[in-house]
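Fold and geometry: a report
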Amino acid sequence: VKVAMEGEAQAGNQWVPPSNRYYAKSVALPKRNLERAKQLLKEAGVANPSFTLMTPTASDTQRIAQVVQAMAKEAGFDVKIQSTEFATALKLQDQGQFEAFVLAWSGRADPDANLHQFLSCKGPLNGSGYCQNDVEARINEARTSLDPKQRAAAYEKIAQQVSKDRPIVYLFHRNWLWAHNAKLTGLRTVPDGMVRVQGLKMN
């Protein structure tokens, strides 16, 4: 967040930021622990582990990949960066032709749209191939309930399991910055960061 996003984001470890009502507080953002990381590698018996991190060619995703590469190197990982044109990267992801992939998601106002398509067994954006029966049941429970407390309880169970399995490593939630002419009126800021053109007017 400090380097790759120049501070314009909030560190996170779930599909919604810590400020969201559905953030599972029992699964807090972990602190960095290099010694533990090195110990786990030693216990795994893997010497000089290496993997390729595919990233789109946009400047922000390139910075993210470079920071991940540098931080992981301190723990003993050799991360190779594969810069790939965005549409090609998405195609390779869809085909499962990658080891790790940096993908930015604008986010949606309701957590289900940040969760179901990425972690549901047959989710259309489930590039990791993740499928866990209890998580699947909780996802369906949350998306079919109108009770905020019931949904929050389901999301907490999901977060507890996903934080162990880690099919996706959530890094941050970007701050949305808007620059516009003072003559523009009617701009509405929505949590998903997408501009709605209805009601916009240049005076």
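Quantities reported herein were computed from a predicted structural model and do not represent experimental measurements.

Before going further, it helps to spend a moment on the packing of aromatic side chains. Counted under the stated rule, the structure contains 5 aromatic pairs. Consider the rings of W15 and Y170, whose centres lie 6.1 Å apart with planes at 65°: the pair is edge-to-face. Of this pair, W15 sits in the loop between β1 (9-11) and α1 (34-44) while Y170 sits in the loop between α6 (148-165) and β5 (172-174), placing them 155 residues apart in sequence. Y170 matches W15 in its accessibility class, with the two residues each being buried. A ring pair is formed by F51 and F77, whose centres lie 6.2 Å apart and whose planes are at 75°; its orientation type is edge-to-face. One end of the pair, F51, is in strand β2 (residues 50-56); the other, F77, is in the loop between α2 (59-75) and β3 (78-84), with 26 residues separating them in the sequence. Overall, F51 belongs to the partly exposed group, its relative accessible area being 25%. Taking NZ or CZ as reference, R151 lies 5.3 Å from the ring centre of Y22, over its face.

In terms of nonpolar packing, the biggest core is built from 19 residues, with W15, L115, L119, Y155, I158 and V162 touching the most fellow members. Broken down by secondary-structure element, the contributors of at least two residues to this core are α4 (112-119), α5 (133-143) and α6. Looking at this core, the element that brings in the most residues is α6, giving 5 residues. Non-local contacts of V162, meaning those with residues more than four positions away in its chain, are made with W15, L119, Y130, V135 and P167. Core analysis: the second largest hydrophobic core is formed by 10 residues, A4, M5, A9 and I64 among them.

Let's shift gears to the environment of D192. Along the chain, the position of D192 falls in the loop between β6 (184-185) and β7 (201-202). For D192, a relative accessible area of 5% gives the class buried. Beyond its immediate sequence surroundings of up to four residues, D192 is in contact with S106, G107, R108, A109 and W176.

Let us look at the sheet that holds strand β4 (residues 100-101). The strand order across the open sheet formed by 3 strands is β3-β2-β4, and the pairing between neighbours is parallel. With one partner strand each, in any of the chains shown, β3 and β4 form the two edges of the open sheet. As judged from the 7 bridges shared by β2 and β3, these two strands associate in the parallel manner. Counterpart to T55 in the pairing with β3 is S83. Where helix α3 (residues 86-95) meets the sheet, its contacts fall on β2, β3 and β4, and the angle it forms with β3 comes to roughly 120°.

About the cut-offs
- Residues numbered from 1 in each chain as written.
- Predicted model: local features only at pLDDT ≥ 70, side-chain atom pairs only at ≥ 80, totals over all residues.
- Heavy atoms only, no water.
- Phe/Tyr/Trp six-rings, centres within 6.5 Å; stacked < 30°, edge-to-face > 60°.
- Helix = DSSP H or I, 4+ residues; strand = E, 2+ residues; numbered from the N terminus.
- Buried < 20%, exposed > 50% of the residue type's maximum accessible area, 1.4 Å probe, protein only.
- Lys NZ or Arg CZ within 6 Å of the ring centre and 35° of its normal.
- Core = buried A, V, L, I, M, F, W, Y, C linked by side-chain atoms within 4.5 Å.
- Contact = heavy atoms within 4.5 Å.
- Pairing = 2+ DSSP bridges.
- Axes fitted to C-alpha atoms, helices over the stretch in contact; angles between N-to-C directions.

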